[in-house]
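Report on the structure
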Amino acid sequence: IGDKGIYPADPTPNAGYKFAGWQIQNPGMTALPEKMPAEDILITGSYTPIDYTVTYELAEDSEIPANYTAPVDTNKYHIGSTVTVKADERVPGYDFEGWYTENGEVTEAMSTFTMPADNVTMYGKFTFATDTKYTVEHYFENLGGGYPAEPNHTESKVGTTSQLTEAMPIPA
């Protein structure tokens, strides 16, 4: 039955699986004979699921907070597995719009999706927060030079991250 003995050709596995090989099921037989014997031989094929990954990265149009590192998912997933989306990111001065799939669908944080037969990349997007609270401190120079340890005046403000702001001049 050819150079490979009596093994059948390797089958094409279903999506998400790879063919792991043939096993002989006959008692006492550890290898297939070169030629077909006068008895039946039971040969079974086995399949193993393919490992897939989920990665998280920022979208190209996202503002990138300083020192931000996207979450890492070290799990391996198989087709049909349930994947829980990572929690929304929290970075002071930024709003996080959520995790998106490649086709732009928003995926709610901590929601789940069914793993397809492929790796998945989730894209996150930050925008500048428009409600960033900050304090402006005014220090007046002493007559003899130098500045006091404590500010002479403070202003509490709310603004948009990355935009310049103006402090009100305070007469000394």
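Remember, predicted model here, so these are calculated numbers, not experimental data. Each chain carries its own residue numbering, running from 1 in the direction its sequence is written. Note on the predicted model: pLDDT of at least 70 is required for a residue's local features to be given, and 80 or more for side-chain atom pairs to be given and counted; whole-chain, interface and lining totals, by contrast, use all residues. Neither water nor hydrogens contribute to the side-chain values; these are computed over all heavy atoms in the structure.

1. Concerning the overall build of the protein
Of regular secondary structure, the protein possesses zero helices and 10 strands. Labels follow the DSSP assignment, with helices taken as runs of H or I lasting at least four residues and strands as runs of E lasting at least two, numbered in each case from the N terminus. In the protein, the order of α-helices and β-strands from amino to carboxyl end is β-β-β-β-β-β-β-β-β-β. Relative to the 2.2 N^0.38 estimate, which gives 16 Å for 172 residues, the radius of gyration of the protein is 32 Å and therefore markedly larger than a compact globule would have. Reported as C-alpha extents along the three principal axes, the dimensions of the protein are approximately 110 × 35 × 25 Å. Only protein chains enter the accessibility calculation, which uses a 1.4 Å probe; a residue whose area is less than 20% of its type maximum is buried, one above 50% is exposed, and one in between is partly exposed. Here the protein holds 172 residues, and the buried ones make up 27% of them. Using a 1.4 Å probe, accessible areas were evaluated by the Shrake-Rupley method; residue-level cover was limited to the displayed protein chains. Of the roughly 12000 Å² of accessible surface on the protein, 50% is carried by carbon and sulfur atoms. With 9 positive and 25 negative side-chain charges, the protein shows a separation of 6 Å between the mean positions of the two kinds. Values of the radius of gyration come from C-alpha atoms, whereas the globule rule sets the reference at 2.2 Å times the count of residues to the power 0.38. When charges are tallied, Lys and Arg are placed among the positive residues and Asp and Glu among the negative ones, while His and the ends of the chain are skipped. The atom standing in for a charge is NZ when the residue is Lys, CZ when it is Arg, CG when it is Asp and CD when it is Glu.

2. Remarks on the packing of aromatic side chains
For any pair of aromatic rings, the description rests on two quantities: the centre-to-centre distance and the angle between the ring planes. Ring pairs are drawn from Phe, Tyr and Trp, using the six-membered ring of Trp, whenever the two centres fall within 6.5 Å, and their geometry is named by plane angle: stacked under 30 degrees, edge-to-face over 60, tilted for the rest. For the structure on display, the rule yields eight aromatic pairs. Plain terms: the ring middles of F19 and Y47 are 5.6 Å apart, the flat faces sit at 70° to each other, and that makes the pair edge-to-face. Pair noted here: F19 is in strand β1 (residues 17-24) and Y47 is in strand β2 (residues 43-49), with a separation of 28 residues, a long-range link. Seen from their ring centres, Y94 and F126 are 6.1 Å apart, and the 75° between their planes marks the pair as edge-to-face.

3. Side note on the nonpolar core
Of all hydrophobic cores here, the largest spans 17 residues; its most connected members are V54, W99, F113, M115, M122 and F126. Listed by contribution, the elements that provide at least two residues to this core are β3 (54-58), β5 (94-100) and β8 (120-128). Excluding residues within four positions of it along the chain, F113 makes contact with V54, S81, T82, V83, V85, V120 and M122. Working definition of a nonpolar core: buried Ala, Val, Leu, Ile, Met, Phe, Trp, Tyr and Cys residues. They are joined through side-chain atoms within 4.5 Å. Working rule for contacts: check all heavy atoms of both residues, and any pair within 4.5 Å makes them a contact.

4. Remarks on the side chain of T161
The residue T161 is located in the segment after β10 (153-159) in this model. By the criterion applied in these results, polar contacts are pairs of N or O atoms within 3.5 Å in which, for protein atoms, one can donate a hydrogen and the other can accept it, and in which residues neighboring in sequence qualify only through two side-chain atoms. For T161, the side chain forms a polar contact with the main-chain oxygen of G93, separated by 2.5 Å. Excluding residues that lie within four positions of it along the chain, T161 makes contacts with G93, Y94, F128, A129 and T132.

5. Focus on the pattern of salt bridges
A carboxyl oxygen of Asp or Glu within 4 Å of a side-chain nitrogen of Lys or Arg is what we treat as a salt bridge. All told, the structure shown has two salt bridges when counted by the stated rule. Here D61 makes a salt bridge to K125, at a shortest N to O gap of 3.1 Å. Linking D61 in the loop between β3 and β4 (82-84) with K125 in strand β8, this pair joins segments that are 64 residues apart in sequence. Note on K125: relative accessible area 19%, which makes it buried. Across the salt bridge formed by K157 and E155, the nearest N and O atoms sit 3.7 Å from each other. Neither residue differs from the other here; K157 and E155 are each classed as buried.

6. Quick word on unusual backbone geometry
Residues other than glycine seldom take positive phi values, yet N67 does so here, at roughly 60°. By the element assignment, N67 lies in the loop between β3 and β4. Even without being glycine, S162 reaches a positive phi, approximately 80°. Of note, S162 is situated in the segment after β10.

7. Describing the environment of I64
Among the structural elements, I64 can be located in the loop between β3 and β4. The class of I64 is exposed, set by a relative accessible area of 59%. The spatial distance from the C-alpha of I64 to the C-alpha of F126 is 6.8 Å, given a sequence separation of 62 residues. With sequence-adjacent residues up to four places away left out, I64 is seen in contact with L58 and Y94.

This is a description of form; function is not addressed.
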